[in-house]
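# Architecture and fold: a report
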Amino acid sequence: NHELLPLLCIAILIGGIALRTSVWLHFDALQPERAWFVEDIYYPTWNRLDGLLVSSSLVWTATPLTTAKFYSDTTIAETTLAGTSGVLTHIYTVEVDHDFRRWLTAIGKFTWGTLDYQGDARRDKIYSLSGDLIYKLNRNIWLKGTLRRDWLESNLPGNSTATTVVLVGVRLQH
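## Re the sheet that holds strand 5 (residues 123-136)
If you trace the seven strands from one edge of the open sheet to the other, you get 1-2-3-4-5-6-7, paired in antiparallel fashion. At either margin of the open sheet sits one strand with a lone partner, and together these are strand 1 (55-63) and strand 7 (161-172). Between one strand and the next, the sheet's axes are offset by a mean angle of 15°, whatever the strand orientation. With twelve bridges connecting them, strand 6 (residues 141-154) and strand 7 associate as antiparallel partners. The partner of Thr-146 across the bridge, within strand 7, is Leu-167.

Right, dumping it as C-alpha cells:
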C-alpha cells in the first residue's frame, strides 16, 4: 500500500536514530574519560581509519570586481571497495570570480586532491578544471552555464577516468 510507505520510512528512520543514540549513550557511560570525537566501531576485517581532518578557506578581494579564493578540505568518507575501512580525502581548490558587469560574472576553478583508500594499496589523484558564466537577467532570474573537465588517476590499472561535464541552469528566486 503506497499510503503506508512514508510512515514505514519514518518509523525506520526514528528506529535507527534511537538505536544509534542508545549505543552512543551506553558507551559514553562506560567510558566517560575518552574524547568525545573518537568513535569506536569494531569490525574484525577493517583497519583503523584515521587522519588529521582539516578544513580551511582563504579569500582575497583583489579589486571590487575580482575575488580569489583558496579552499582545502580533508574528510573521511565511506567506500564500497572491499577490504577498505574508508577513504581519506584531501581536496584543494583555487577559484577566481570576476564581475565583468553587474549582470555578468565569470568563475574559474581548479581543484586537485588525493583519495587514500585505508587498508588497500589504491591511491587516486583527482583534478578538475571548470569555468562558469552567470548572466543575471534581473534580480529574480539568473542563467548559468558550466563547463568542467574531471580527471581521476589511479595507481591501479583500469581505474583511471576522464569526464567532461556541461551544465546549463536557470535560477529563479523571489
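## Let's talk about the pattern of salt bridges
What the rule picks out here adds up to seven salt bridges. Across the pair Asp-132 and Lys-144 runs a salt bridge, and its minimum N-O distance is 3.7 Å. Placement of the pair is Asp-132 in strand 5 and Lys-144 in strand 6, with a sequence separation of twelve residues. Assessed through its relative accessible area of 39%, Lys-144 is described here as partly exposed. One connected set of salt bridges, linked through shared partners, spans Lys-69, Glu-95, Asp-97 and Lys-109.

Reading guide: rules and limits
Residue positions are given per chain, counting from 1 as you read along its sequence in written order. Since the coordinates come from a predicted model, pLDDT governs what is reported: local features require at least 70, and pairs of side-chain atoms require 80 or more to be given and counted, while whole-chain, interface and lining totals use all residues. Only hydrogens and water are set aside when side-chain values are computed; all heavy atoms of the structure are taken into account. Two strands are counted as paired when DSSP detects at least two bridges linking them. Numbering of helices and strands runs from the N terminus; a helix is a DSSP stretch of H or I covering at least four residues, while a strand is a stretch of E covering at least two. Helix axes use the C-alpha atoms of the stretch in contact, all axes being lines fitted to C-alpha atoms, and the angles between their N-to-C directions lie in the range 0 to 180 degrees. Salt bridges are counted wherever a side-chain nitrogen of Lys or Arg sits within 4 Å of a carboxyl oxygen of Asp or Glu. Each residue gets one of three labels from its accessible area relative to the maximum for its type: buried under 20%, exposed over 50%, partly exposed in between, using a 1.4 Å probe on protein chains only.

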